[in-house]
Amino acid sequence: MSIHDKKPYGPIRVVLSEDEMPRQWYNLAADFKTPMLPPLGPDGKPVTPDMLSAIFPAPLIEQEVSQERWIDIPEPVLEILARWRPSPLHRAVALERALGTPARIYFKNESVSPAGSHKPNTAVAQAYYNKISGVKKLTTETGAGQWGSALAFSCSLMGMECKIYMVKVSFEQKPFRKLMMQTWGGTCIPSPSPYTEAGRSVLAKDPDCPGSLAIAISEAVEEAVTDKTGSTKYALGSVLNHVMLHQTIIGQEVKAQLAKIGERTPDSVIACVGGGSNFAGLAFPFVKDKIEGANIDIIAVEPASCPTLTKGVFAYDLGDMSGMTPLLPMHTLGHEFIAPTIHAGGLRYHGMAPLVSKAVLDGLVEPRSVHQLECYEAAVTFARTEGIIAAPESSHAIAMAIREAKQAKEEGKEKVIVFGLSGHGLMDLAGYEKYFAGQLRDYEFSGEDLNNSLKCIEGFPKPPAAVAR
């Protein structure tokens, strides 16, 4: 099809002014029909805010437990976010033409941030709240390196020290992510490491362990809680409520951008999902609309090799490997699960954000899984039409958007599809190289794998049967 065979509908790039940036975060917890289950301590009793004070500053704890629908974004945070926000919404006209679909496909481009992904939306906020609380150093974990890069960037702006434990397989696969963190003043080391009790324990059992986010979290939390001066805290890039909250600026902008060009409510809203932050950022403002009666398919796309939502169970599980975090009510594969070494390192977490898990249980979100070969094929198609080389994580959303667009063609329906481009893949070209060389393969997660990985949670408290349906 010629590039002139289909004229674009309205603008190809929708940009909001700095003044149009949302001034509040949206809290989905306020709109659920039934309350969320609480996180639990080792004794099986609900965690109190005071119990979180060893790792988080008071303002973030307040947001974690808040039931307020809207929470103001501090002006110093808005000032930093305005360096790249509002991010553009693109009409993927070239992709539409290549697919021959009647669907209108839009993607929210979060790759324009300094760190190249959506992660600074919460990293800046977390660094700010820690800074005003007197914290001098933040520790964290990172998988693919996008979160570690974002926190190092944010800490550099706040004049804070930053230490990142990076999952070893990603540390080896993505050396330039480490260099990004170093450029912003962060210290990045492979996990499991010999520097913490948690890391040493894992290495004693398996010196060649490729690592996991659960292990890296254990190391980062351990370093924070063992600093008796209180000047070190822990920052998390996904899963927890306050992280989901900070990302909702994404979906709010999308709604404003669609309205600006007179586009109707989307038929499908699609984002990749690992721990949940990118998905929540785009989808939660639309979940609010769905709760209020809108007819929207909201699709969370995960790797078939780490199918937390599509094959995991809803249960109480730890967020880390060594038991330093509370028990969270979430879909999980078991905290001892170590995913295959797929290149979408940001989507290898064993559990899912409690807010996302509840949205799935309530029928507001549909989870789907995709194999990595289909994802890379979709990413290459996207690069050769729209020109952007997407992160392997984002390729899951692209693959599902292509599926939905092809279905629209088969049905002859003029659908509106919106997906999240959570980051660029310029630091992930080694994965593309292996794809082109035919060295990547798909991994199927079996029932036996699930049974084995869930043994570690057998003795934990169980959610009420009426909830874990």
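Residues numbered from 1 in each chain as written. Predicted model: local features only at pLDDT ≥ 70, side-chain atom pairs only at ≥ 80, totals over all residues. Heavy atoms only, no water.

Caption draft 1: Representation of the sheet that holds strand β7 (residues 161-167) within the structure. Pairing is parallel across the open sheet formed by four strands, whose spatial order is β8-β7-β6-β9. The two strands at the open ends of the sheet, each matched to only one other strand, are β8 (187-191) and β9 (232-234). Taken pair by pair, the neighbouring strands of this sheet meet at an average axis angle of 25°, ignoring direction. (Pairing = 2+ DSSP bridges. Helix = DSSP H or I, 4+ residues; strand = E, 2+ residues; numbered from the N terminus. Axes fitted to C-alpha atoms, helices over the stretch in contact; angles between N-to-C directions.)

Caption draft 2: Quick peek at the pairing of strand β12 (residues 313-318). Across the six residues that make up β12, a large majority, five, are buried. The pairing of β12 with strand β13 (residues 327-332) spans six bridges and is antiparallel. Directly across from Asp317, in β13, lies its bridge partner Leu328. (Buried < 20%, exposed > 50% of the residue type's maximum accessible area, 1.4 Å probe, protein only.)

Caption draft 3: Quick peek at helix α15 (residues 392-411). The first and last C-alpha atoms of α15 sit 29 Å apart over 20 residues, in line with the 28 Å expected at 1.5 Å per residue. With 14 of 20 residues buried, α15 is to be regarded as a mostly interior element. (Expected span 1.5 Å × (residues − 1).)

Caption draft 4: Highlighting the packing of aromatic side chains. Taken as a whole and judged by the stated rule, the model has 11 aromatic pairs. Taking 5.1 Å as the distance between ring centres and 80° as the angle between the ring planes, the aromatic pair formed by Phe107 and Phe382 counts as edge-to-face. Taken as a pair, Phe107 in strand β5 (residues 104-109) and Phe382 in helix α14 (residues 372-386) lie far apart in primary sequence, 275 residues in all. Of the two residues, Phe107 and Phe382, both sit in the buried class. Pairing Phe382 with Phe419 gives two aromatic rings, centres 5.9 Å apart and planes at 70°, and the pair type is edge-to-face. (Phe/Tyr/Trp six-rings, centres within 6.5 Å; stacked < 30°, edge-to-face > 60°.)

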